[in-house]
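# Survey of secondary and tertiary structure
Listed below are the residues making up each chain.
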2 protein chains.
Amino acid sequence: MGGDFAPQVVVEGALQAAQRGIPVLLCGDCDVIKKGLDQLYAEWRILPIDIEPCTQVINMEEEPARGVVYKKDASLVRAACAVKDGRAAAMVSAGNSGAALIASILIIGRVKGVLRPALGTFLSTHNHEVFCLDLGANTDCRADFLEQFAYMGTIYVRCARAIAKPRVGLLSNGHEPYKGSLEVKEAYRRLEHNADLLFVGNVEARDVFDGKADVIISDGFVGNVFLKGIQGVLRSLFNWIKYEAEKSWLMRFSAWCAWPLLKKIKQATDHQRANGGLLLGIRSPVIIVHGNSKADGIYHAIIAAHDAVQSKLSERYNIELEKALRESGKKEKMFAPIVHEKTGPAQDVL
Amino acid sequence: MGGDFAPQVVVEGALQAAQRGIPVLLCGDCDVIKKGLDQLYAEWRILPIDIEPCTQVINMEEEPARGVVYKKDASLVRAACAVKDGRAAAMVSAGNSGAALIASILIIGRVKGVLRPALGTFLSTHNHEVFCLDLGANTDCRADFLEQFAYMGTIYVRCARAIAKPRVGLLSNGHEPYKGSLEVKEAYRRLEHNADLLFVGNVEARDVFDGKADVIISDGFVGNVFLKGIQGVLRSLFNWIKYEAEKSWLMRFSAWCAWPLLKKIKQATDHQRANGGLLLGIRSPVIIVHGNSKADGIYHAIIAAHDAVQSKLSERYNIELEKALRESGKKEKMFAPIVHEKTGPAQDVL
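Summarised in this report is the structure supplied together with it. Keep in mind that what you see is a predicted model, and the values were worked out from it rather than measured. (Residues numbered from 1 in each chain as written. Chains lettered and ligands numbered in written order. Predicted model: local features only at pLDDT ≥ 70, side-chain atom pairs only at ≥ 80, totals over all residues. Heavy atoms only, no water.)

A separate point is the pattern of salt bridges. For the structure on display, the rule yields 34 salt bridges over all chains. Note that A:R45 and A:D38 form a salt bridge whose closest N and O atoms lie 4.0 Å from each other. On the basis of relative accessible area, A:R45 is assigned to the exposed category, the value being 56%. Residue classification places A:D38 among the partly exposed residues on the basis of a relative accessible area of 37%. Between B:R235 and A:D207 there is a salt bridge; the shortest N-O distance is 3.3 Å. You can see B:R235 sitting in helix 8 (residues 220–247) and its partner A:D207 sitting in the loop between strand 7 (198–204) and strand 8 (215–217), one on each of two chains. By relative accessible area, A:D207 is classed as buried at 12%. Each of A:E52, A:D73, A:R78, A:D85 and A:R87 takes part in salt bridges that share partners, so that together they form one network. (Salt bridge = Lys/Arg side-chain N within 4 Å of Asp/Glu carboxyl O. Buried < 20%, exposed > 50% of the residue type's maximum accessible area, 1.4 Å probe, protein only. Helix = DSSP H or I, 4+ residues; strand = E, 2+ residues; numbered from the N terminus.)

A word on the relation of the copies chain A and chain B. You can overlay chain A on chain B at an RMSD of 0.0 Å; the transform is a turn of 180 degrees with a shift of 0.0 Å along its axis. Both copies are brought into coincidence by an operation consistent with a two-fold rotation axis. When the interface residues of chain A are mapped onto chain B, 99% of them again fall at the interface, so both copies present the same face. (Least-squares fit on C-alpha atoms with pLDDT ≥ 70 in both. Contact = heavy atoms within 4.5 Å.)

The interface of chain A with chain B comprises 83 residues on the first partner and 83 residues on the second. Interface of chain A and chain B: buried area, both sides summed, is about 7500 Å²; carbon and sulfur atoms make up 65% of it. Summed over the shared surface of chain A and chain B, the result is six salt bridges. Here A:R235 and B:D210 are joined by a salt bridge, their closest N and O atoms 3.1 Å apart. On inspection of chain A and its partner chain B, the count reaches 25 residue pairs in polar contact (both at pLDDT 80 or more). (Buried area = accessible area lost by both parts, 1.4 Å probe. Polar contact = N/O pair within 3.5 Å; in protein donor to acceptor, adjacent residues only side chain to side chain.)

This next bit is on the packing of helix 6 (residues 143–161) of chain B against helix 7 (residues 182–192) of chain B. All names here are of chain B. Packing of helix 6 against helix 7 leaves a shortest axis separation of 8 Å and a crossing angle of 50 degrees. In terms of orientation, helix 6 lies oblique with respect to helix 7. For the pair helix 6 and helix 7, the sense of crossing is right-handed. Facing A143, D144, L146, E147 and A150 of helix 6, the residues of helix 7 in contact are E183, V184, E186, A187, R190 and L191. Partitioning the contact of helix 6 with helix 7 into residue classes produces six nonpolar, no polar and five charged. (Axes fitted to C-alpha atoms, helices over the stretch in contact; angles between N-to-C directions. Parallel < 35°, antiparallel > 145°, perpendicular 65-115°, else oblique. Left-handed = near helix turned anticlockwise from the far one by under 90°. Nonpolar A, V, L, I, M, F, W, Y, C, P; charged D, E, K, R; others polar.)

Okay, the packing of helix 8 of chain B against helix 9 (residues 249–269) of chain B next. Residue and element names in this part refer to chain B. Packing of helix 8 against helix 9 brings their axes to within 10 Å, and their N-to-C directions diverge by 165 degrees. With respect to each other, helix 8 and helix 9 are oriented roughly antiparallel. With respect to the hand of their crossing, helix 8 and helix 9 are arranged in left-handed fashion. Across the interface between the two elements, L234, F238, I241, E244, A245 and E246 from helix 8 touch M251, R252, A255, L262, K266 and T269 from helix 9. For the contact of helix 8 with helix 9, the residue count by class is seven nonpolar, one polar and four charged.

Read across the sheet, eight strands follow the order 3-10-9-4-5-8-6-7 (chain B) without closing on themselves; strand pairing throughout is mixed. A strand with exactly one partner marks an edge of an open sheet, and here the two such strands are strand 3 (91–93) and strand 7 (198–204) of chain B. Across the sheet, the mean angle separating the axes of adjacent strands is 30 degrees when strand polarity is ignored. Bridging between strand 4 (residues 118–124) of chain B and strand 9 (residues 277–280) of chain B involves three bridges; their strand directions are antiparallel. Of the residues in strand 9 of chain B, the one forming a bridge with B:G120 is B:L278. Against the sheet, helix 8 (residues 220–247) of chain A engages strand 4, strand 6 (167–172) and strand 7 of chain B, with an angle of about 125 degrees to strand 6 of chain B. (Pairing = 2+ DSSP bridges.)

Attention now goes to a nonpolar patch on the surface. Side chains of A:V69, A:Y70 and A:L106 sit close together on the surface and give an oily, nonpolar patch of about 340 Å² of accessible area. Of note, A:L106 is situated in helix 5 (residues 97–108). (Patch = residues over 30% accessible without salt bridge, like charges linked within 9 Å, V, L, I, M, F, W, Y side chains within 5 Å. Areas by Shrake-Rupley, 256 points an atom, 1.4 Å probe, with all protein chains shown as cover.)

Residue and element names in this part refer to chain A. Read across the sheet, eight strands follow the order 3-10-9-4-5-8-6-7 without closing on themselves; strand pairing throughout is mixed. Strands with a single pairing partner mark the edges of an open sheet, and in this sheet they are strand 3 (91–93) and strand 7. On average, each strand axis in the sheet is inclined to that of its neighbour by 30 degrees, with strand direction left out of account.

Turning to helix 9 of chain B, a few remarks are in order. In this model, helix 9 of chain B (21 residues) spans 28 Å end to end at C-alpha, consistent with the 30 Å of a helix rising 1.5 Å per residue. Considering bend angle alone, the principal kink of helix 9 of chain B is centred on B:W259 and spans about 55 degrees; proline B:P260 follows within four residues of it. Turning to helix 9 of chain B, its buried residues number three or more, namely B:M251, B:S254, B:A255, B:C257, B:A258, B:L261, B:L262 and B:I265. On its buried face, helix 9 of chain B is in contact with helix 8 and helix 9 (249–269) of chain A together with helix 8 of chain B. (Expected span 1.5 Å × (residues − 1). Bend = angle between axes of the 7 residues up to and from the residue.)

Bringing a positive patch on the surface into the picture now. Residue and element names in this part refer to chain A. On the surface, K112, R158, K165, K323, R326 and K330 cluster together into a patch of positive charge. It is helix 12 (residues 313–335) that contributes the most residues to the positive patch, three residues altogether. Of note, K330 is situated in helix 12. The class of K330 is exposed, set by a relative accessible area of 51%. (Lys, Arg positive; Asp, Glu negative; His and termini not counted. Charge placed at Lys NZ, Arg CZ, Asp CG, Glu CD.)

Quick look at the side chain of A:D219 now. Take A:D219: it is sitting in the loop between strand 8 and helix 8. This buried residue, A:D219, is left without a salt bridge; A:R116 holds the nearest opposite charge, at 9.0 Å.

A few words on the pairing of strand 1 (residues 24–28) of chain A. Residues and elements named next belong to chain A. A large share of strand 1 lies buried, amounting to four of its five residues. Two elements, strand 1 and strand 2 (residues 49–53), share five bridges in a ladder whose sense is parallel. From the neighbouring strand, C27 faces strand 2, where its bridge partner is E52. Following the chain from strand 1 across helix 2 (residues 30–40) to the adjacent parallel strand 2, one finds a crossover that is right-handed. (Right-handed = clockwise from strand over helix to strand, strands pointing away.)

Let us now look at the packing of aromatic side chains. Evaluated as defined, the whole model comprises 12 aromatic pairs over all chains. Between the aromatic rings of B:F122 and B:F131, the centroid separation amounts to 4.9 Å while the plane-to-plane angle is 65 degrees, which identifies the pairing as edge-to-face. Considered together, B:F122 and B:F131 belong to a single accessibility category, that of buried residues. For B:F122, a relative accessible area of 18% translates into the label buried. Members of the aromatic cluster, joined through ring pairs, are A:F122, A:F131, A:Y156 and A:Y317. The lysine or arginine in question, A:R252, covers the ring of A:W249, its NZ or CZ lying 4.6 Å from the ring centre. (Phe/Tyr/Trp six-rings, centres within 6.5 Å; stacked < 30°, edge-to-face > 60°. Lys NZ or Arg CZ within 6 Å of the ring centre and 35° of its normal.)

Written out as structure tokens, the structure is:
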């Protein structure tokens, strides 16, 4: 029921998935959902669609923790409960992303040892693919969260792409080790000495797609700005092409000829297809999509969630992650009892 | 002498500027510079080019503060001294950007009232232009730095574009007021109640080019990731087009036809032309360009510095900024003595 175009687009995306044989449980206002389904496809009752009636909604503007705690009958909370009870295998939400994170942590639960679940996704160009996390689940990440994200990303790429030792890069404002915010610099120091991971150092945002790393880790705030900056500039670029094409006949012809090429790239970079971020470190697959997703975005997120369950990727990942975190925790205790100092923003030293 | 391709590209860019009649003072190894100039243009001695011989260089990998303090005869330090002494009106550097910042603060000096100078530049699309700061001068910015950046950006856009009250947006991971890192949320609270500025709220990275704001403020770390992410994705996109064009005849024809259109956009978004960030809040114009700039980038930065001095933009800006900060300081003392609490990264509350 959350999201900018809910519940219409969610119902439509779910219907498309059900038509491909994926069983779907829709949580929300029963009447509205049924009406939506009736309009789209009169025969929907023969499809594997169930409805869980809920009376409340956590709005996009609502403070996430408050929403989850006080609205027990919100669609998001009920969806998380369905996953916890085993009535659903995975959750997809286009609603309040902070609330989806908190509901996942509090209701479905974290994998043992995980400090903070992180939102990750593969970003790809024609010749390279990189797994980026955290893309928005946590702001103000401490260095030890960042180090854990490196484990989470490494193991995910290992499970999903069978790369034995993925190269890990730390997103920073320069490739030099002294560059970065205080927490990024501390994370650099920790990762540099971590033998479990193949750390390749700081990576500038402009070099993320250059193939220097298979995993890019960042604070959720920074990762979110990075991801959305890319999406924004691509959108602006295609608008710009349209604008130029309208100005002169030559440009119109040029754009018309370029259409097969541009269309191919536009489709490949379409965030509606790629914007489902997987919440790593939660016991069951949870996919959070952007609030402005259309039916196509919801459909692809459901497919991705279904695949993660069917291929047992999510299950294997959680086992591997728990093991790795347990072992790294042991090592840390044995060799280097690192104290998590509280570090604040820069003081006015100049 | 700093920068990835120095001193060749710097000499070349400076020569181009001198050929357009702009007097240039080159600080660095005298023999190398003269040799470079001889190779490019035998008659360079008739051009307004002076050379200040220096024996040291602050490398790109060097820790900035240490470099500035210990290398008194570094090209960067001598250039800043030349500006301070009035032998130069502005400084352009493609070297170690942290060192350029520190040399500017310590040698040239800040405008009165400025806590942290910020790196700002106009980013533009076909139908909109937005002034972004800070793009990398300061990491770990406190909320009061961010608030000051809002003043710095507002006054710059007012002086440079004659917009009486530019709209200010705060770069965040969502448009809702509760979104953002701790410091961004605090900055939101402060800006919301600031009557001097026209604050339009949080702006997502994907909406920066949508025309909702004339000024976008951010922490330098975040701004740098945003800017370089955009540059990186555009570079990847043009590489992608080349790659697709090589795969089939249809695509090659398509790319060939699209060339006038793509070339136009590529030129407009070329970071070699646009990557000169102006260091706001320093007494004289200082332009910091990326270390990998080519001669063209240096040339455009020199032109921009020259224009800032000639049009007295920089002078007017500094007067306006000092006045605005003095008045806002007075108000703050009179009405709301805000205590700058130290806020650390999020604690593990979950």
